[in-house]
Amino acid sequence: MPDCYIALGGNQGPVRETFARALEHLNQHPEISVIQTSTWIETAPVGDQTSDPFMNGAAQLSTSLSPESLLLELQQQEAEWGRIRKVRWGARPLDLDLLLYDQRIISTDDLIVPHPACWYRRFVLDPLAEIAADVIHPEKQITIQELRQRLLVTPFRFVLAGLPPEETTSLIENLQQGFPEVLFSSWELPDSTESAFQEPTLIAWLGSPLSPTKFEDLPLIPRLNLSDYQGDTERIVHVLQSALDFH
């Protein structure tokens, strides 16, 4: 049966007990087996929708369910524990995300696998690397452990691509105030310093079909399509918060 990996999160109620009981319920399903789990780690919330810290973890499942059917089972578990999807980054008793389904790449209106943010979120990668260090990310084509290690290199290099120079400069000035430890630069206007020639940690593409820099032309591993974030600095801040160590 395919090996799958899920992320667990929550910050309401007895989260450890909720995790244990949710995994027990999944394991009781005739077509799902829980193979192993990570340790649970406490992380700071992303954004300002809640101030309560989160508990996060990861689990390996073996299942004969299709990806779509497995997703429905995860969503049913969330609903049974009172998850209501209203506010992004809001408080919740249980969050179950399907991260990987074997080496499948799926993109539909209802399901994207691998999870589009799993490769750069520390609160996902830290526990996932405990149980899936050598698993290859099917899109990035490097291991989970290598993805995690990239985020540990300092300084964290965040490169913006696809915007006109004046917009990039303004956005960098805005972001630098909240993240003084991050090295910001522009893909189109690189620094003349030696650091500009080192691999970026993340390249955030904020362009459009008319942009001279195309998303597909950027390096595969660090590139991140944030084109739907244009004009929404807060969501870019959330990306940075989730990629940095906010334990």
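Each remark here, short or long, concerns the structure printed above.
A quick note: this is a predicted structure, and the numbers were derived from the prediction, not measured.

The rules we used
Residues numbered from 1 in each chain as written. Predicted model: local features only at pLDDT ≥ 70, side-chain atom pairs only at ≥ 80, totals over all residues. Heavy atoms only, no water. Helix = DSSP H or I, 4+ residues; strand = E, 2+ residues; numbered from the N terminus. Rg over C-alpha atoms; globule rule 2.2 N^0.38 Å. Buried < 20%, exposed > 50% of the residue type's maximum accessible area, 1.4 Å probe, protein only. Contact = heavy atoms within 4.5 Å. Areas by Shrake-Rupley, 256 points an atom, 1.4 Å probe, with all protein chains shown as cover. Lys, Arg positive; Asp, Glu negative; His and termini not counted. Charge placed at Lys NZ, Arg CZ, Asp CG, Glu CD. Axes fitted to C-alpha atoms, helices over the stretch in contact; angles between N-to-C directions. Parallel < 35°, antiparallel > 145°, perpendicular 65-115°, else oblique. Left-handed = near helix turned anticlockwise from the far one by under 90°. Nonpolar A, V, L, I, M, F, W, Y, C, P; charged D, E, K, R; others polar. Salt bridge = Lys/Arg side-chain N within 4 Å of Asp/Glu carboxyl O. Pairing = 2+ DSSP bridges.

**Student:** Could you give an account of the overall build of the chain, with specific residues and numbers?
**Tutor:** The secondary structure content of the chain amounts to 6 helices and 11 strands. Rg of the C-alpha trace for the chain: 19 Å, near the compact-globule value of 18 Å for 247 residues, within the 12% margin. Along the first, second and third principal axes, the C-alpha atoms of the chain reach 60 × 35 × 30 Å. When each of the 247 residues of the chain is scored for burial, the buried share is 51%. In the chain, the proportion of contacts linking residues at least 24 apart, taken out of those at least 6 apart, comes to 66%. Just so you have it, the chain exposes about 12,000 Å², and 50% of that area is on carbon and sulfur atoms. Side chains of the chain give 17 positive and 35 negative charges; the mean places of these two sets differ by 2 Å.

**Student:** Any chance you could break down the packing of helix H3 (residues 122-132) against helix H4 (residues 144-152) for me, citing the residues and the numbers?
**Tutor:** Between H3 and H4, the least distance of the axes is 9 Å, while the angle of their chain directions is 140°. Taken together, the axis directions place H3 and H4 in an arrangement best described as oblique. Handedness of the H3/H4 crossing: left-handed. Counting all contacts with H3, which are made through Arg122, Leu125, Asp126, Leu128, Ala129 and Ala132, the residues of H4 involved are Ile144, Gln145, Leu147, Arg148, Leu151 and Leu152. For the contact of H3 with H4, the residue count by class is 8 nonpolar, 1 polar and 3 charged.

**Student:** If you had to explain the pattern of salt bridges to someone new, which residues and values would you point to?
**Tutor:** Tallied over the full model, the rule gives 5 salt bridges. Measuring nitrogen to oxygen at the nearest pair gives 3.6 Å for the salt bridge that ties glutamate 17 to arginine 21. Residue glutamate 17 and its partner arginine 21 are both found in helix H1 (residues 15-28); the two are separated by 4 residues, about one turn of the helix. Here arginine 150 makes a salt bridge to glutamate 199, at a shortest N to O gap of 3.6 Å. One end of the pair, arginine 150, is in helix H4; the other, glutamate 199, is in the loop between strand S9 (182-186) and strand S10 (202-205), and 49 residues separate them in sequence. For arginine 150, a relative accessible area of 12% gives the class buried. Within this structure, Arg122, Asp126 and Arg148 form a network of salt bridges that share partners.

**Student:** Go over the sheet that holds strand S8 (residues 156-161) with me, naming the residues and quoting the values.
**Tutor:** Strands in a sheet are paired, the pairing made by backbone hydrogen bonds, and the direction either parallel or antiparallel. If you trace the 4 strands from one edge of the open sheet to the other, you get S9-S8-S10-S11, paired in parallel fashion. Both outer strands of the open sheet, S9 and strand S11 (223-225), are each paired with one neighbouring strand and no more. The sheet shows a mean angle of 25° between the axes of neighbouring strands, taken without regard to direction. For S10 and S11, the ladder comprises 3 bridges, and the chain directions are parallel. By the bridge assignment for S11, tryptophan 205 is matched with asparagine 225. Contacts between helix H6 (residues 233-243) and the sheet are confined to S8, S9, S10 and S11, with S8 contributing the most and set at about 155° to the helix.

Don't take any of this as a statement about function, it's just geometry.
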